[in-house]
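Summary of structural features
Residue-level listing of the chains:
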Amino acid sequence: MSIRLVLASQSPARLATLRRAGLTPDVIVSGVPEDDVTGTPAGIAEQLARRKALAVATQPQAADALVLGCDSVLELDGVAYGKPWQPDVATERWRLMRGRSGILHTGHCLVRGEQRAERVGSTTVHFADVSDAEIEAYVGTGEPLAVAGAFTLDGYGAGFVTGIEGDPHNVIGVSVPLLRLLCQDLGLDWPSLWQPSTGANG
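Anyway, here's the lowdown on the structure attached to this text. For clarity, every value in this text was computed on a predicted model and none was experimentally measured.

Check the secondary structure of the protein and you find 6 helices and 7 strands. Counting helices and strands in the order they occur from the N terminus, the protein gives β-α-β-α-β-β-α-β-β-α-β-α-α. Its C-alpha atoms give the protein principal-axis dimensions of about 55 × 40 × 25 Å. Counting every position in the protein, which comprises 202 residues, the buried fraction comes to 46%. For the protein, the share of sequence-separated contacts (at least 6 apart) that also reach a separation of at least 24 residues comes to 67%. If you sum the accessible surface of the protein, you get close to 9,700 Å²; carbon and sulfur atoms cover 51% of it. The centroid of the 16 positive side-chain charges in the protein is displaced by 5 Å from the centroid of its 23 negative side-chain charges.

For the rest of this paragraph, the subject is the pattern of salt bridges. Tallied over the entire structure, the rule returns 9 salt bridges. The shortest N-O distance in the salt bridge between Glu-118 and Arg-50 comes to 2.6 Å. Of this pair, Glu-118 sits in strand S6 (residues 115–127) while Arg-50 sits in helix H2 (residues 41–57), and the two are 68 residues apart along the sequence. Exposure remark for Glu-118: the relative accessible area of 23% places this residue in the partly exposed category.

Take the packing of helix H3 (residues 87–97) against helix H4 (residues 132–141) next. Running from amino to carboxyl end, H3 crosses H4 at an angle of 145°, the nearest separation of the two axes being 10 Å. At the point where H3 passes H4, the crossing takes the right-handed sense. Here H3 contributes Pro-87, Ala-90, Thr-91, Trp-94 and Arg-95 to the contact with H4, which in turn contributes Asp-132, Ile-135, Tyr-138 and Val-139. Each residue belonging to the contact of H3 with H4 can be placed in one class, and the counts come to 6 nonpolar, 1 polar and 2 charged.

By the burial criterion, the buried members of H3 are Ala-90, Thr-91, Arg-93, Trp-94 and Met-97. Each buried residue of H3 sits inside an arc of 160° when the element is viewed along its axis, so together they form one side. If you follow the buried residues of H3, they end up packed against strand S3 (66–76), strand S4 (79–81), S6 and H4. After H3 finishes, the residue Gly-99 shows a positive phi value of roughly 75°.

Counting buried positions along strand S5 (residues 101–112) gives 9 out of 12 residues, so the element sits mostly inside the fold. Relative to S5, S3 runs antiparallel, the two sharing 9 bridges. Across the sheet, the residue bridging to Val-67 is Val-111, located in S5. Where S5 meets S6, 12 bridges bridge the pair, whose relative direction is antiparallel. When the sheet's bridge partners are listed, Ile-103 is paired in S6 with Thr-124.

Right, let's get into the layout of surface pockets. The computed volume of the largest pocket comes to approximately 880 Å³. Glu-34, Lys-83, Ala-146, Val-147 and Ala-148 are the residues nearest the centre of the largest pocket, which is lined by 37 residues in total. When contributions to the lining of the largest pocket are tallied by element, the ones reaching two or more residues are helix H1 (12–20), H2, S3, S4 and helix H5 (168–172). Taken together, the residues that form the lining of the largest pocket break down as 20 nonpolar, 9 polar and 8 charged.

Procedures and definitions
- Residues numbered from 1 in each chain as written.
- Predicted model: local features only at pLDDT ≥ 70, side-chain atom pairs only at ≥ 80, totals over all residues.
- Heavy atoms only, no water.
- Helix = DSSP H or I, 4+ residues; strand = E, 2+ residues; numbered from the N terminus.
- Buried < 20%, exposed > 50% of the residue type's maximum accessible area, 1.4 Å probe, protein only.
- Contact = heavy atoms within 4.5 Å.
- Areas by Shrake-Rupley, 256 points an atom, 1.4 Å probe, with all protein chains shown as cover.
- Lys, Arg positive; Asp, Glu negative; His and termini not counted.
- Charge placed at Lys NZ, Arg CZ, Asp CG, Glu CD.
- Salt bridge = Lys/Arg side-chain N within 4 Å of Asp/Glu carboxyl O.
- Axes fitted to C-alpha atoms, helices over the stretch in contact; angles between N-to-C directions.
- Left-handed = near helix turned anticlockwise from the far one by under 90°.
- Nonpolar A, V, L, I, M, F, W, Y, C, P; charged D, E, K, R; others polar.
- Arc of directions from axis to C-beta.
- Pairing = 2+ DSSP bridges.
- 1 Å grid on protein atoms, 1.4 Å probe; cavity = no way out; pocket = protein on both sides within 12 Å on 5 of 7 lines; lining within 4 Å.
- Points joined across faces, edges and corners; volume = space filled by probe spheres on them.

Shown next, in the form of structure tokens:
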């Protein structure tokens, strides 16, 4: 018997990643604040993932479901960077990042009833030495404004990432291999989350 999975995130990239892995989660957005957490970059990602998962797990529409909360931050020089939101902030962020490497931390929290499992995935990302004009064009797309670290691996920003060390899914927002380990932590069979395909690429 398959298990109902709920994704406590409005990220389309996370949803698409899970769907490609054979999962069909329902989406319930947590609505929790993301700007009042302190600690190490990895610790911030873990705390926010936990906050999202627990906020959704207590809602009636998530009863008896397996709830996944995720949140990502980019670490550069020991500082955690989340979503820039504003064009000028994204521009300054890219001027700081270009030609350098950062660590993308994604916190994962899986909740089922009274059970909870947490892990943080960390992936090193190498950024191209992009020009001011490229930064301006990228920020102009609007893509980097609402994503952690002001970049994506699966969109316009793909050309500005020269390499990664670690799980690429983690950079997109949810590490599928790590999610499998979280299921094991809760005594769940990973294949029990798979849903039958409704058609090719469907």
